[in-house]
2 protein chains.
Amino acid sequence: MEKEKLLELLEPQAPDEILDVIRDEVSELHPATLADLMDQFEDEDILPIFNTLDLEQKVAVFHHLSESTQQHLATTMRFQRLVKLVSLMSHDDRVDLLQSLDDDLKETVIRSLAKAEREDILRLSNYKEGTAGAVMTSDYVWIYKENSVREAIKKIKREAPDKETIYTIYVLGENRELVGFVSLRELMLATLNDKVEDLMTTDLVSVDATDSQEESADLLSKYDLIAIPVQDEAGRLLGIITFDDVMDVLEEEATDDFHKMGSVSLGKMTLADASISAMIIKRLPWLLILVFMNIFSGAGIAYFEDTIEAVVALVFFLPLLIDSGGNAGSQAATLMVRALATGTVKMKDWFRLLGKEVLIALGIGILMAVAVSFIGFYRGGIEVAVVVSLTMMIVVLFGSLVGMSLPFGLQRFNLDPATASAPLVTSIADIGGVLIYFGIATWYLGVGV
Amino acid sequence: MEKEKLLELLEPQAPDEILDVIRDEVSELHPATLADLMDQFEDEDILPIFNTLDLEQKVAVFHHLSESTQQHLATTMRFQRLVKLVSLMSHDDRVDLLQSLDDDLKETVIRSLAKAEREDILRLSNYKEGTAGAVMTSDYVWIYKENSVREAIKKIKREAPDKETIYTIYVLGENRELVGFVSLRELMLATLNDKVEDLMTTDLVSVDATDSQEESADLLSKYDLIAIPVQDEAGRLLGIITFDDVMDVLEEEATDDFHKMGSVSLGKMTLADASISAMIIKRLPWLLILVFMNIFSGAGIAYFEDTIEAVVALVFFLPLLIDSGGNAGSQAATLMVRALATGTVKMKDWFRLLGKEVLIALGIGILMAVAVSFIGFYRGGIEVAVVVSLTMMIVVLFGSLVGMSLPFGLQRFNLDPATASAPLVTSIADIGGVLIYFGIATWYLGVGV
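Quantities reported herein were computed from a predicted structural model and do not represent experimental measurements.

How each quantity is defined
- Residues numbered from 1 in each chain as written.
- Chains lettered and ligands numbered in written order.
- Predicted model: local features only at pLDDT ≥ 70, side-chain atom pairs only at ≥ 80, totals over all residues.
- Heavy atoms only, no water.
- Buried < 20%, exposed > 50% of the residue type's maximum accessible area, 1.4 Å probe, protein only.
- Helix = DSSP H or I, 4+ residues; strand = E, 2+ residues; numbered from the N terminus.
- Arc of directions from axis to C-beta.
- Contact = heavy atoms within 4.5 Å.
- pLDDT = per-residue confidence, 0-100.
- Buried area = accessible area lost by both parts, 1.4 Å probe.
- Salt bridge = Lys/Arg side-chain N within 4 Å of Asp/Glu carboxyl O.
- Polar contact = N/O pair within 3.5 Å; in protein donor to acceptor, adjacent residues only side chain to side chain.
- Nonpolar A, V, L, I, M, F, W, Y, C, P; charged D, E, K, R; others polar.
- Expected span 1.5 Å × (residues − 1).
- Pairing = 2+ DSSP bridges.
- Axes fitted to C-alpha atoms, helices over the stretch in contact; angles between N-to-C directions.

**Q** Could you clarify how one ought to interpret helix H15 (residues 213-222) of chain A in this entry?
**A** Count 3.6 residues to each turn of an α-helix, and residues three or four apart come out pointing the same way. Gln213, Ser216, Ala217, Leu220 and Ser221 of chain A are the residues of H15 of chain A that are buried. When H15 of chain A is viewed along its axis, its buried side chains cluster within an angular range of 130 degrees and face the same direction. Elements in contact with the buried residues of H15 of chain A: helix H11 (132-135), strand E4 (207-208), strand E5 (227-231), strand E6 (237-242) and helix H16 (243-261) of chain A together with helix H16 (243-261) of chain B. Asp224 of chain A, located one to two residues past H15 of chain A, shows a positive phi value of around 55 degrees.

Written out as structure tokens, the structure reads:
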């Protein structure tokens, strides 16, 4: 059933009738659709709706709900129901939920769980946010390498209902160290008496628990894996990260880079949820930094005050010239930041790309100089035309080189290349642009200073 | 084996020895690793290396190779080998390969294939680039709803070696229309005599072949699916899109938006591969458009020439003020474009977000006005301080509203919101900024015009 149709059905109903509709229709709905729907109700209506679901549906729906709805439900539902829900949730999701609750409630829930679950939660919450350890889950299927295919399939069938994925099975050695993996497909095609170790793939793609979630996501995506295993320093298997969680990580990282490129970073907030004061706090700092950088442009202009007074027509071309440098720089920075983030360009390519960028920027600069020379001639005669075209060429070259080098420089010092945001590159290009423009004008026109 | 280690091993060797090393080590290497390695060799070395692989390895490695390496191999390898390779490749990958070849070679290869494969290729190549139909593959497993679990598992085992995924099995009705799906996990847990139709999930998440690849990717990601089915208008199953292809689509779309935001769009090229002239052609148009937009800023300045001549100190604050408007606008546009792309914000939220943005921008504007008033006072006394602070507040508000409304406006007219690039928003904010600044100065200081 389509969400729109259901919403329509619900629209004119009293709350009790809504519950009846949901009870009747819910068996047909995908948990993600139902969660979407629930997120749209007012807080006080959500718990009654949630309570119409049976336990299995609750578990399935819960992890699709928005963080704020999850928190609302967790704090309003009956405590024993919360404990039951947490014990049945997938291991990574329940850690995320518990960490979003206040400390008292979290502690009480954890204390009410069985010992094995308590330990699992503590182990998983040990890892810093942003690491592979923090996004992994411990509900994977493993077998010993001495097991036969028959034993493996028996174990998979037994454990299937509780595991995040059963399509990749991890093979452990004597000391629980990860020695390989085997896909369910391979097991199904093998003879029941075959040994797992004869079937398994030993060319492992894995990450350490302390590696970044981004690196884990990139590897999974590159090798087309359903899940990537996470190991400790001793090579023991700690957990896995599945492809659906990786998609969320990739989207998060892309959003983060995207925002940084516009010199605003929301962290865990979303545009729709963030409060007005939070948004001001997030957006103001970079704007202030950029204002103070612009004082240098202003100081440059002040220094050339005599030149400006002598030929006021020069001011006409100021925004056009310095913005062109900034725009060419934004382009170069954008291309470079994204290429570094997706791994299509590496640190070692810097020198080669620098040479290429010089030629590209020169080409663009010359063509832009030609375009702008006509406007220069029209407004200020041949002399202004010369100054303006020469400036255009140099300013585009300068902006492009700043734009392409800054992300590399940041990466070199282990800072995030995306900090080389379009506004930052523009501001640097502006300062350079002012100096270049009035410097050339003063020299060529023989006025001022 | 690590790629670095292998590269080190290969470094000082003669070509023949390289081949020996690869032959010895290759059985341990993941196809993606080997492909990565091959991409780094010179064109003339690639074919000999590729030929050391057995057919199965060739198929596995080929689809991980870069597009240019694939093309080089396809045009240099023996024709019969190419036909064999194409016939064994996954159905979506081979269509991509064939479409990258020149028409003669493509036709000859297609003519040499078996009839069923020929038809499959023609059917898959029928869809426009960017649609679900163009990224789907036809190697999925399907069963009739009347089948028993025993029959289903038998069919899966028989077809497993040739299918892209066997973990979701699609259930068809009498007229080959898609009626549901069942996971291999569910089949394994069921009794062999159960009927498929009693097990299957009928709440289908699917797309039409003409839907966009982006929409398909978003749905798969939202519903945590391994694959999403693609149907025709009559509801018949045409193919599936698997999660690994979706990851590529998501990355492509993110890159595309990212590039657009920096007002440069590379299309299918990558920064590392693109030629210098191609890069100039891709980057120049937007820069020229922006130059011509900046003529309006220049015209604004020219109009207020008398004001500037009266109080030259005003020029000092010009870059600082107009850039602040542009930067606040870039932030707002960045947040909005990404939120629209990820679906966290919808068209209907425009009015609510506009109200919120007014308050946010006012807050930021006032704080920035306070900061800049000190510099204004220091450089030009109380009157300049008033003009500069008032301008700052209005310019930040103006820029922010342009930045947040432009992406919405573009979306409203079915254009790509990401066209509201940072440089475009900056240029619009600049024009507004010049008029606001000198307008206020002329009025408040009672000079010029």
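Here the narrative resumes.
**Q** Just to check I follow, could you spell out the confidence of the model for chain A for this structure?
**A** Caution is warranted with low-pLDDT regions, since their predicted coordinates should not be read in detail. Across chain A, the average pLDDT comes to 87, with 94% of residues at 70 or higher. When pLDDT is averaged over each element of chain A, E4 of chain A comes out on top at 96 and helix H1 (residues 3-10) of chain A at the bottom at 56.

**Q** Teacher, can you tell me more about the interface of chain A and chain B here?
**A** Often the size quoted for an interface is simply the accessible area lost on bringing the parts together. Contact residues are listed per partner, giving 116 residues for chain A and 116 residues for chain B. For the pair chain A and chain B, the two sides together bury roughly 10,000 Å², of which 70% comes from carbon and sulfur. Joining chain A to chain B, the criterion identifies four salt bridges. Notably, a salt bridge pairs Lys222 of chain A with Asp36 of chain B, separated by 2.8 Å at the nearest N-O pair. Counting across the interface, chain A meets chain B through 31 residue pairs in polar contact (both at pLDDT 80 or more). It is helix H17 (residues 276-303) of chain A that provides the largest number of residues to the side of chain A that touches chain B, a total of 18 residues. Partitioning the side of chain A that touches chain B into residue classes produces 68 nonpolar, 24 polar and 24 charged.

**Q** Before we go on, may I ask you to explain H16 of chain B in this structure?
**A** A rise of 1.5 Å per residue sets the reference length of H16 of chain B, with its 19 residues, at 27 Å; its end C-alpha atoms lie 27 Å apart and thus fit the reference within 8%. Remark: Ser263 of chain B follows H16 of chain B within two positions and exhibits a positive phi of approximately 50 degrees.

**Q** It is not clear to me how the sheet that holds strand E3 (residues 178-183) of chain A should be interpreted in this structure. Could you clarify?
**A** Pairing between the strands of a sheet comes from backbone hydrogen bonds, and it takes one of two forms, parallel or antiparallel. Residue and element names in this part refer to chain A. In spatial order, the strands read E1-E2-E3; together these three strands make up an open sheet with mixed pairing. Every other strand in the sheet has two partners, leaving strand E1 (142-144) and E3 as the edge strands with one partner each. Between one strand and the next, the sheet's axes are offset by a mean angle of 35 degrees, whatever the strand orientation. By the bridge criterion, five bridges tie strand E2 (residues 168-172) to E3 in an arrangement that is antiparallel. Directly across from Tyr170, in E3, lies its bridge partner Phe181.

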